[in-house]
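# Observations on the model geometry
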Protein chains: 2
Amino acid sequence: MSERYTIISADAHAGLHCEEYRPYLDAKYHRQFDEYLAERHANRDQQLQMNYDYIMGWEKDNEEGLKGAYDPAVRDKELDSDGVAADVLFADADAVTGMASPPFGAGLFAGAIADPEFAFAGAHAHNRFLAEMCSHSPHRRCCIALVPITHDIARAVGEIEWVASQPGISGIMIPTMWRDHLPYNDAAYDPVWAVCAEAGLPVHTHSGEAPMEEYGDNTGVYLAEVVWWTARPAWHLLFGGAFERFPGLKFVVTEAAAYWAPDLMWKWDQYMGGGHTTKKMAALLKGKISKLPSDYFGENLFIGASTMSREEIRRRHVLGCDVVMWGTDYPHPEGTWPHTQERLRSDFGGIPVEDARLLLGETAARCYGFDLDALRPIAERIGPTPADLGQDPSLRTDPGEVRAARWWKDEYQLRPPG
Amino acid sequence: MSERYTIISADAHAGLHCEEYRPYLDAKYHRQFDEYLAERHANRDQQLQMNYDYIMGWEKDNEEGLKGAYDPAVRDKELDSDGVAADVLFADADAVTGMASPPFGAGLFAGAIADPEFAFAGAHAHNRFLAEMCSHSPHRRCCIALVPITHDIARAVGEIEWVASQPGISGIMIPTMWRDHLPYNDAAYDPVWAVCAEAGLPVHTHSGEAPMEEYGDNTGVYLAEVVWWTARPAWHLLFGGAFERFPGLKFVVTEAAAYWAPDLMWKWDQYMGGGHTTKKMAALLKGKISKLPSDYFGENLFIGASTMSREEIRRRHVLGCDVVMWGTDYPHPEGTWPHTQERLRSDFGGIPVEDARLLLGETAARCYGFDLDALRPIAERIGPTPADLGQDPSLRTDPGEVRAARWWKDEYQLRPPG
């Protein structure tokens, strides 16, 4: 087996410039679409006013490569030069001024759409574009469809059945926030989880949405909270018992970092596994889940950690190399593109090759069902070698270190709740 | 200076059995109070049905000591036998079936009260009881008044002025959740912060409240979130600039553990200190705060970590021994009482005495202004020695380890935002 890495980016974006969604959108929504476009342009103007040099610099320096958001040939070329064999495609390719947002904001901000008609119309327009986009080099793409499940569960099931019939679509993204709809721990969503588990479509939230209306102009509060709002649905599914009722269901939290997961695993395991402080809660917790919460990670729960911090790479064993998936966030400016090879070298140089293979591709392949045989020739051509990343091939993962990483299981002598 | 510890518990509870609040409550609310009492009893009956053996066992085994919730002489005796010189008193002394809740739930669940009249009436009844309770052995008590600031800011300022005039009252607790009122990052709360900073009253949230209406019967979700909801106001004050406008203001997050703080310090410092990924946000963050977020901890932000886990004690340098304050949670069953001395021995035995002195009392004394000279004779009589805790007196805090604990400052070469 070749030593070149088959790198899969578990966080990337695709989308048309917002005007270009028009032919994908039912004509009956075109009048409202014009209003939406006017809003988008006004928003861009406002952002340019605050941050002109940065925005124009980014767009000019990366003019050609940014076209990979919608042009499959450009995308393949950019992936090649970054050493990336395949990627997972979320909506909203323009993270600077939001000009690649699907109609009515049906991408990363779908939860904020008031009228279900617009939420579904915008989502379906993006999904139609996506089905086309992913028909080019399909083995290099895992396309994540938009489904506003909060707004109408029955209609959502219909949309999921449609996207499941599209060959390039391999997962769905749901609104991060349920707002005044039903929370995700509610069993009313079971028809959604059932169809996703049956079709093998992992369900995602992706960072972006948060209760902005509470933040005023205090952007620091947004940054302090956005990760939590993105991750929140994970424990609503877990403690609502969704993974018990649908053992094949996968839920992925994307671009909301990963650092928060180990402490939550610790505390959740302690609550459910018989910790001292929760005797008064024991009767209330009984019968909801059968395993320790941390044992759902890597089976039902995954983390698309995007461009991981070095600290998260250091914490890889407590996070689980079988849980966390690295990503470029292409073509967003906070990602590694177009300097992915340098970042891989500086961030992964010091860890064993077997850990890096999991984080950089194998866990994503398992989560999403990528065909590694089909990707192999591409990886042979463009993938970096361990030597390219400056790795010491004699470094081995220490199984004792892996076991000790989730220290709380021994310290509290926890047992599955049964 | 004596080697006995002056132990201050930064988390404890006091309160009357709910019926007994009647004489402290304005007569015009008595009719509604009867309805409230009926609800409390119905709630207790329901809990007894689910968890009879545990509840009756706890109440019978601790019958005498539980009276310390409202009887100062019993309380002093219980503190003595636990080796605790002084404590900080929050409402809701009965954490098992909630039968010590102030009128209308004005304690730990004040945010959920719809009518401001009842929120203030219930709070004032508890505050009147508290002023009496804290007039006995006043140097051993720091009483935390209830002020539902979300419900009426001007009226809240009036209540704070009244509690500030009561000698035993040394802090206020505000609703954890603002619900449909103004969020705490809003400058509309400035009159509250101003009067608290001026009067030297630390402001608290204490765990309890969370959006229960979203959880159904999935208690695991409540446990997974309650810490976050309790801590949330801290960063709303910080990033809303409250500590810039009121440098003397202190905010304490109580009984919501402490483990979450270091990762937030890291990420917040990175956002505000010039990290790579936030260039696009730089213009939006400018001018809000002048120091790195972690530098507000120990000055403006404190954590009443209650019965800390051993892991949190191991993480004491990244948390800050000048930030975190241990507590018994007396008389709650998830606390250390009546076995505090054993728990101190098993949890603090392995750390240097100077760290333990900070965590177990000195940081609380600085935060709350306890008179350590007045507590000294009590500590001489009842406080444990380092030998009682099994500590090795030759262990010293390593300043290099303390500096390295907040590793991100060097790794990202962060600078204060100015």
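Notes on the structure in this doc start here. (Residues numbered from 1 in each chain as written. Chains lettered and ligands numbered in written order. Predicted model: local features only at pLDDT ≥ 70, side-chain atom pairs only at ≥ 80, totals over all residues.)

Helix and strand counts for chain A come out as 17 helices and eight strands. Rg of the C-alpha trace for chain A: 21 Å, near the compact-globule value of 22 Å for 418 residues, within the 12% margin. C-alpha atoms of chain A, sized along the principal axes, occupy 60 × 50 × 45 Å. Every one of the 418 residues in chain A was classed for burial, and the buried ones make up 54%. (Helix = DSSP H or I, 4+ residues; strand = E, 2+ residues; numbered from the N terminus. Rg over C-alpha atoms; globule rule 2.2 N^0.38 Å. Buried ≥ 20, exposed ≤ 12 C-beta atoms within 10 Å, placed from the backbone.)

Residues and elements named next belong to chain B. Read from one edge to the other, the open sheet built from eight strands follows the order 1-2-3-4-5-6-7-8, with strand pairing classed as parallel. Only two strands of the sheet have a single neighbouring strand rather than two, namely strand 1 (8-13) and strand 8 (324-326). Along the sheet, successive strands turn relative to each other by an average axial angle of 30°, direction set aside. In the packing of helix 7 (residues 219-239) onto the sheet, contacts are made with strand 5 (203-206), strand 6 (251-254) and strand 7 (301-306), and the angle to strand 6 comes to roughly 160°. (Pairing = 2+ DSSP bridges. Axes fitted to C-alpha atoms, helices over the stretch in contact; angles between N-to-C directions. Contact = placed C-beta atoms within 7 Å.)

The pair of chain copies shares a relation made of a rotation about an axis and a shift along it. Rotating chain A by 180° and translating it 0.0 Å along the rotation axis places it on chain B, where the RMSD comes to 0.0 Å. Those values place the two copies in the arrangement expected of a two-fold rotation axis. By C-alpha distance to the rotation axis, the residue of chain A lying nearest is A:W260, at 4.1 Å. (Least-squares fit on C-alpha atoms with pLDDT ≥ 70 in both.)

Across the boundary between the two partners, chain A contributes 37 residues, which contact 37 residues of chain B. Elements represented by at least two residues in the side of chain A that touches chain B include exactly helix 1 (30-61), helix 7 (219-239), helix 9 (261-272) and helix 10 (282-285) of chain A. Looking at the side of chain A that touches chain B, the element that brings in the most residues is helix 7 of chain A, giving nine residues. The residue makeup of the side of chain A that touches chain B, split by class, is 21 nonpolar, nine polar and seven charged. (Nonpolar A, V, L, I, M, F, W, Y, C, P; charged D, E, K, R; others polar.)

Attention shifts here to the pairing of strand 7 of chain B. All names here are of chain B. Most of strand 7 sits out of view: six of its six residues are buried. Residues of strand 7 alternate between two faces, with L301, I303 and A305 on one and F302, G304 and S306 on the opposite face, all of them buried. Of the pairings in the sheet, the one linking strand 6 to strand 7 comprises four bridges and is parallel in character. Counterpart to V252 in the pairing with strand 7 is F302. Here strand 7 runs beside strand 8; their pairing, made up of three bridges, is parallel. In the sheet register, G304 faces strand 8, and the bridge partner there is M325.

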